[in-house]
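Here is how the chains run, residue by residue.
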Amino acid sequence: MVITAIWGLVIVGCGNLRNQGGDELESDSIAADSAQADTMRLSDEEELISETPMPTAADEFFDDFFFNFAANPKLQLARIAFPLTLVDNKEKKTVQKKQWKMDNFFMRQGYYTQIFDNQRQIDLSKESTVEQVILERINLRSEHVQRYIFARKKGKWMLTEIRNERIDDNVNASFLNFYKRFVADSVFQIESLDDQVTFSSPSPDDEFETQSGEIVPEQWPMFKPELIPNHVIYNMIYDGQIVPGSNQKIFMIRGVANGMESQLVFKKKGGRWRLVEFDS
């Protein structure tokens, strides 16, 4: 599976986007964090996206589908099971089609994040057999998580439910609370490094070459990668593949419109999360 997105002419997965039809969008939002979505008038490029059909093959892989879902207002409306169930603080509500506001998720910020426990979960994200995906929008500042539950229905991906929860109730709570501080506190970063951290990064002398080796905590300021997500981050859970109480987290940062990818590996040692490896 190859995902390529170039603003101005967007190509996702196997081709263009499909016009699914749908009502005009209303201004009401369904939840507090949905205000993160950019509600400005559609640009010419986005108008083109909304009128271009999505190939049937894009439903094969969730990631291909989701890039279309987050960019195409008409497709987004068509792929939500209205009335949509919204569970907010254990209170069940419903969202009608006229209440929905277009949500671009991470498309306009240019990158997205994923949290894995192991390599098997990374491999699963690239498989066409996946039947359910939970996309989490994690607001580190408000300590709030919105969980968007997608299921494949008759070969088509549909948003079937949204659940709101506190970070402390999330299965990744321990890591998320740690990462909130790690990304914002440079002193805490150094304190949270393993005694020797394995790394791979572009060479400062030649961007087409890489340098690799090990650093000690004192060298972190010279080698540390850009830790861009410091407020709202995302996660995707494929077919419920998550390990409660896992002592390893693979934190990935991926570009939307380019091939940028960086990876940080954390392990829990002696009850504390520590960075043991990074690849930028």
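Residues numbered from 1 in each chain as written. Predicted model: local features only at pLDDT ≥ 70, side-chain atom pairs only at ≥ 80, totals over all residues. Heavy atoms only, no water.

To continue, consider the nonpolar core. Residues Phe66, Phe106 and Phe150 are the most contacted members of the largest nonpolar core, which totals 40 residues. For this core, the element with the most residues is helix 2 (residues 62-69), which contributes 5 residues. Ignoring sequence-local partners within four residues, the contact set of Phe66 consists of Phe105, Phe106, Leu135, Phe150 and Met236. (Core = buried A, V, L, I, M, F, W, Y, C linked by side-chain atoms within 4.5 Å. Buried < 20%, exposed > 50% of the residue type's maximum accessible area, 1.4 Å probe, protein only. Helix = DSSP H or I, 4+ residues; strand = E, 2+ residues; numbered from the N terminus. Contact = heavy atoms within 4.5 Å.)

A large share of helix 2 lies buried, amounting to 8 of its 8 residues. Of all the residues in helix 2, the buried ones are Phe62, Asp63, Asp64, Phe65, Phe66, Phe67, Asn68 and Phe69.

Once that is clear, we can look at the sheet that holds strand 3 (residues 111-116). A sheet is described by the order of its strands in space; here 6 strands give the open sequence 3-10-11-12-7-8, paired in mixed fashion. Edge positions in the sheet fall to strand 3 and strand 8 (210-215), since each has one partner strand and no second. The mean inter-strand angle of the sheet, taken between neighbouring strand axes irrespective of direction, is 20°. Pairing of strand 7 (residues 193-202) with strand 12 (residues 272-279) involves 4 bridges; the strand directions are parallel. Pairing of Ser200 across the sheet is with Asp279, part of strand 12. Along the sheet, helix 5 (residues 173-184) contacts strand 3, strand 10 (248-255), strand 11 (261-269) and strand 12; its crossing angle with strand 11, the most-contacted strand, is approximately 115°. (Pairing = 2+ DSSP bridges. Axes fitted to C-alpha atoms, helices over the stretch in contact; angles between N-to-C directions.)

This brings us to the environment of Glu214. Within the secondary structure layout, Glu214 lies in strand 8. Along the backbone, Glu214 and Ser200 are 14 residues apart, and their C-alpha atoms lie at a distance of 8.7 Å. Excluding residues that lie within four positions of it along the chain, Glu214 makes contacts with Gln196, Val197, Thr198, Phe199 and Gln219.

Looking at chain direction, strand 11 and strand 12 are connected through 7 bridges and run antiparallel. Bridging across to strand 12, Lys268 finds its partner in Trp273. Hairpin connection between strand 11 and strand 12: a loop of 2 residues separates the two successive antiparallel strands, and Gly270 in this loop has a positive phi of roughly 60°.

It is worth spelling out a negative patch on the surface at this point. Together, Asp205, Asp206, Glu207 and Glu209 give the surface a local cluster of negative charge. Within the secondary structure layout, Glu209 lies in the loop between strand 7 and strand 8. (Patch = residues over 30% accessible without salt bridge, like charges linked within 9 Å, V, L, I, M, F, W, Y side chains within 5 Å. Areas by Shrake-Rupley, 256 points an atom, 1.4 Å probe, with all protein chains shown as cover. Salt bridge = Lys/Arg side-chain N within 4 Å of Asp/Glu carboxyl O. Lys, Arg positive; Asp, Glu negative; His and termini not counted. Charge placed at Lys NZ, Arg CZ, Asp CG, Glu CD.)

Its place among the elements puts Arg274 in strand 12. At a separation of 3.3 Å, a polar atom in the side chain of Arg274 contacts the main-chain carbonyl oxygen of Leu193. (Polar contact = N/O pair within 3.5 Å; in protein donor to acceptor, adjacent residues only side chain to side chain.)

Bringing the packing of aromatic side chains into the picture now. When we look at a pair of aromatic rings, we describe it by the centre distance and by the angle of the planes. In the structure shown here, the tally under the stated rule is 34 aromatic pairs. The interplanar angle of 90° and the centroid separation of 5.9 Å between the aromatic rings of Phe66 and Phe150 together place this pair among those described as edge-to-face. With Phe66 in helix 2 and Phe150 in strand 5 (residues 144-153), this pair connects stretches of sequence that are 84 residues apart. In this structure, Phe66 and Phe150 share a single accessibility class: buried. Ring geometry for Phe69 against Phe105: centres 6.2 Å apart, planes inclined by 40°, an arrangement best described as tilted. Taken together, the residues Phe69 in helix 2 and Phe105 in the loop between strand 2 (91-95) and strand 3 connect sequence positions 36 residues apart. (Phe/Tyr/Trp six-rings, centres within 6.5 Å; stacked < 30°, edge-to-face > 60°.)

With respect to topology, 6 strands assemble into an open sheet ordered 2-1-6-5-4-9, the strand pairing being mixed. Lying at the two open borders of the sheet, with one neighbouring strand each, are strand 2 and strand 9 (232-238). Taking each pair of neighbouring strands and ignoring which way they run, the sheet shows an average axis angle of 20°. Strand direction decides the pairing type here: strand 4 (residues 132-139) and strand 9, joined by 7 bridges, are antiparallel. Among the inter-strand pairings, Ile138 is bridged to a residue of strand 9, identified as Ile233. The strands touched by helix 2 within the sheet are strand 1 (80-88), strand 4, strand 5, strand 6 (156-166) and strand 9, with strand 9 carrying the most contacts at an inclination of about 140°.

Moving on, we come to the pattern of salt bridges. Enumeration according to the criterion identifies 14 salt bridges in this entry. With a shortest N-O distance of 2.8 Å, Arg120 and Glu127 are connected by a salt bridge. By relative accessible area, which is 30% here, Glu127 ends up partly exposed. Taking the shortest distance from any N to any O, the salt bridge between Arg181 and Asp185 comes out at 3.8 Å. Residue Asp185 is classed as partly exposed on the basis of its relative accessible area, which comes to 25%. A single salt-bridge network, built from bridges that share partners, covers Glu136, Arg147 and Glu165.

Fair warning: the whole summary comes from geometry, so function is off the table for now.
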